[in-house]
Amino acid sequence: MKLLEITPYLRIILRYSLIQKPIDSYSMDNRLFYVRKGEGKVYINGERHTIAPDSLFLWQRGTAYRFDFKGANDVISLNFDYTPESSNINDSLPIIFDG
């Protein structure tokens, strides 16, 4: 795909707190996570990364991931595709949230 062919299609934008118990997840679309508050680790395809306030994570569809927060957190998530071609797909896995 060429850069000029990218016309993102946003499926959903959410702001939430992730549950404290780590859950293995698999992205059915591209994900952008912005961590406003919270600390811990995120495992992306088995590779561990540190989470701190103002962390930003981006990965493509088909990525296995797991958040492991230590305490309270505040996350903004954008689930999207790079083009509207997949806008008819509605089988994205739901995000589990705490409220």
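Since this is a predicted model, take the numbers as computed values, not measurements.

Got a minute to help me understand the sheet that holds strand β8 (residues 74-81) in this structure?
Within a sheet, neighbouring strands are paired by backbone hydrogen bonds and run either parallel or antiparallel to one another. Taken together, the 4 strands give an open sheet; going across it, the order is β1-β8-β3-β6, and neighbouring strands pair in antiparallel fashion. The open sheet is flanked by β1 (9-16) and β6 (55-59), the only strands paired with a single partner. Adjacent strand axes in the sheet meet at a mean angle of 10° when their direction is disregarded. As paired strands, β1 and β8 are joined by 7 bridges and run antiparallel to one another. Paired with Leu 14 across the bridge in β8 is Ser 77.

Explain the nonpolar core to me, please; I cannot follow it from the model alone.
Side chains of a nonpolar character, in soluble globular proteins, are inclined to be buried together. Core analysis: the largest hydrophobic core is formed by 13 residues, its most contacted members being Phe 33, Val 42, Ile 51, Phe 57, Trp 59, Phe 67 and Phe 69. Breaking this core down by element, the ones donating at least two residues are β3 (30-37), β4 (40-44), β6 and β7 (64-69).

Would you explain the packing of aromatic side chains in this entry?
Aromatic rings in a pair are described by how distant their centres are and how their planes are angled relative to each other. Within the structure shown, the criterion is met by 7 aromatic pairs. Between Phe 33 and Trp 59, the aromatic rings sit 5.1 Å apart at their centres with planes inclined by 35°, giving tilted as the arrangement. With Phe 33 in strand β3 and Trp 59 in strand β6, this pair connects stretches of sequence that are 26 residues apart. You'll find Phe 33 and Trp 59 in the same group, each marked buried. Residues Tyr 65 and Phe 67 carry aromatic rings whose centres are separated by 6.0 Å and whose planes lie at 75° to one another, so their mutual orientation is edge-to-face. An aromatic cluster of three or more residues is present, and its members are Phe 33, Trp 59, Tyr 65, Phe 67 and Phe 69. Positioned over the ring face of Tyr 43 is Arg 66, at 4.4 Å from the centre of the ring.

Cut-off values and rules
Residues numbered from 1 in each chain as written. Predicted model: local features only at pLDDT ≥ 70, side-chain atom pairs only at ≥ 80, totals over all residues. Heavy atoms only, no water. Pairing = 2+ DSSP bridges. Helix = DSSP H or I, 4+ residues; strand = E, 2+ residues; numbered from the N terminus. Axes fitted to C-alpha atoms, helices over the stretch in contact; angles between N-to-C directions. Core = buried A, V, L, I, M, F, W, Y, C linked by side-chain atoms within 4.5 Å. Buried < 20%, exposed > 50% of the residue type's maximum accessible area, 1.4 Å probe, protein only. Phe/Tyr/Trp six-rings, centres within 6.5 Å; stacked < 30°, edge-to-face > 60°. Lys NZ or Arg CZ within 6 Å of the ring centre and 35° of its normal.

Distances and angles like these do not, on their own, reveal function.
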